[in-house]
Amino acid sequence: MDLGMPALLELDGAEPCAFLCRELGLQFIELNLNLPAYQPGDADVPSLRSIAEKYGIYYTIHMDENLNPWDFNPRVAEAYRQAAEEAIGLAKALEAPVLTMHLPAGVYFTLPEGRSYLFARCRDRYLHAAEAFRDRCTAALAGTGTVLCVENTGGFQPFQREALELLLESPAFGLTLDAGHSHAAGGVDEPLMISDRLRHMHLHDAQGRRDHLALGTGEVDWPKYLSLAEERHCRVVLETKTAAALRQSADALRAAGELT
C-alpha cells in the first residue's frame, strides 16, 4: 500500500513537496489542479518528471473541484469536458495511475419545502450528460491503465447516485473514499463507496464537521480505514492542508507501525 501527500499551498512548487514526501517516507504526491502551477496547459511536465525521478516518487492528480461537465449551458459544459480531457492528458504525460474528481450537485433553489436541485428536476438531461462525459473520458483513458475516481464529499443526492452508477458502468472509472468527509456526513455514502470499485483513499481526521485534521487529533477511526485500504490495495493520501499536520499524521502512522 503506497502512502502519499497532497501538493501543499505553503510549499513553493513541486520540488519542496517532493523533498518533504521523501523525508517522510511517502511514495507519491497528489497534484491539485486548482493550483495555478499544475494547470495542464501551464505545468512543466519535463520538470515534474525530473523531480519525480530525483526523489523516487510519483504523482496522482486531483481534478479541479469546480469541474461541472453537465452544466446546462453547452459552452460552459464543453469547457469543463475539455478541461477533463486536458487533465487526463497530464496524467498520461506523468504516468499518474489515478485522477480524482468531485461529483457536483449543481445549483439548487431554496423553496418553502426545502432545496430543489435543478439536476433532479431535469434528471433525464443530467443523466444523458453524465453518460456522454463517461464515454468521452473512457475514450481518452483507453490503453492507459489510469482510473478516474469519484470522491464522496457531503453525502450524495439521489440524482448523483444515479449518475455515479452510470459512470461506473465504464471500467475507466472508480471510487475515492474520503474518510474525513464520510465522518462529517455521518457515513451515509460508505455503503456505496466501499465496493470492489474502490481504488484510492483520502485519509485525515475530523472533529464534528471539521475535517482535514492530522491523524490522531479527531474522532475518525483511521486505523479502520487504513486496514480497508490495505485490504482493497488502495493508495492513501494523507490529506492534510499544512506540512505540520502532515508530519503529525506521519508520526501517528509510525507510532502505529504503519510507516517506517
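Since we're looking at a predicted model, the values are computed, not measured.

(A) Quick look at the side chain of Thr146. Mapped onto the secondary structure, Thr146 falls in the loop between α5 (123–141) and β7 (147–151). Classification of Thr146 as buried rests on a relative accessible area of 9%. Looking at Thr146, its side chain comes within polar contact range of the main-chain oxygen of Ala96, at 2.8 Å. With residues near it in sequence (within four places) discarded, Thr146 still touches Ala91, Ala96, Pro97, Val98, Leu99, Leu141 and Ala172.

(B) Region of the structure containing the environment of Trp70. Take Trp70: it is sitting in the loop between β3 (58–62) and α3 (74–94). Owing to a relative accessible area of 2%, Trp70 belongs among the buried residues under this scheme. Each C-alpha atom of the pair Trp70 and Leu127 lies 8.6 Å from the other, and the pair is 57 residues apart in sequence. Those residues in contact with Trp70 that lie beyond four places of it in its chain are Leu103, Pro104, Phe119, Tyr126, Ala129, Ala130, Phe133 and Leu167.

(C) Region of the structure containing the packing of aromatic side chains. Tallied over the full model, the rule gives eleven aromatic pairs. On the basis of an interplanar angle of 80 degrees and a centroid distance of 5.5 Å, the ring pair of Tyr126 and Phe159 is categorised as edge-to-face. Of the two residues, Tyr126 sits in helix α5 while Phe159 sits in helix α6 (residues 158–167), which places them 33 residues apart along the sequence. Grouping residues by exposure puts Tyr126 and Phe159 together as buried. An aromatic cluster of at least three residues, connected via ring pairs, comprises Trp70, Phe72, Tyr108, Tyr117, Phe119, Tyr126, Phe133, Phe159 and Phe173.

(D) Quick look at the sheet that holds β3. Taken in spatial order, the eight strands line up as β1-β2-β3-β4-β7-β8-β9-β12 and close into a barrel, and their pairing is parallel. Across the sheet, the mean angle from the axis of one strand to that of its neighbour is 30 degrees, orientation sign disregarded. As judged from the five bridges shared by strand β2 (residues 28–32) and β3, these two strands associate in the parallel manner. The residue bridging Glu30 from the neighbouring strand is Thr60, located in β3.

Conventions used here
- Residues numbered from 1 in each chain as written.
- Predicted model: local features only at pLDDT ≥ 70, side-chain atom pairs only at ≥ 80, totals over all residues.
- Heavy atoms only, no water.
- Helix = DSSP H or I, 4+ residues; strand = E, 2+ residues; numbered from the N terminus.
- Buried < 20%, exposed > 50% of the residue type's maximum accessible area, 1.4 Å probe, protein only.
- Polar contact = N/O pair within 3.5 Å; in protein donor to acceptor, adjacent residues only side chain to side chain.
- Contact = heavy atoms within 4.5 Å.
- Phe/Tyr/Trp six-rings, centres within 6.5 Å; stacked < 30°, edge-to-face > 60°.
- Pairing = 2+ DSSP bridges.
- Axes fitted to C-alpha atoms, helices over the stretch in contact; angles between N-to-C directions.

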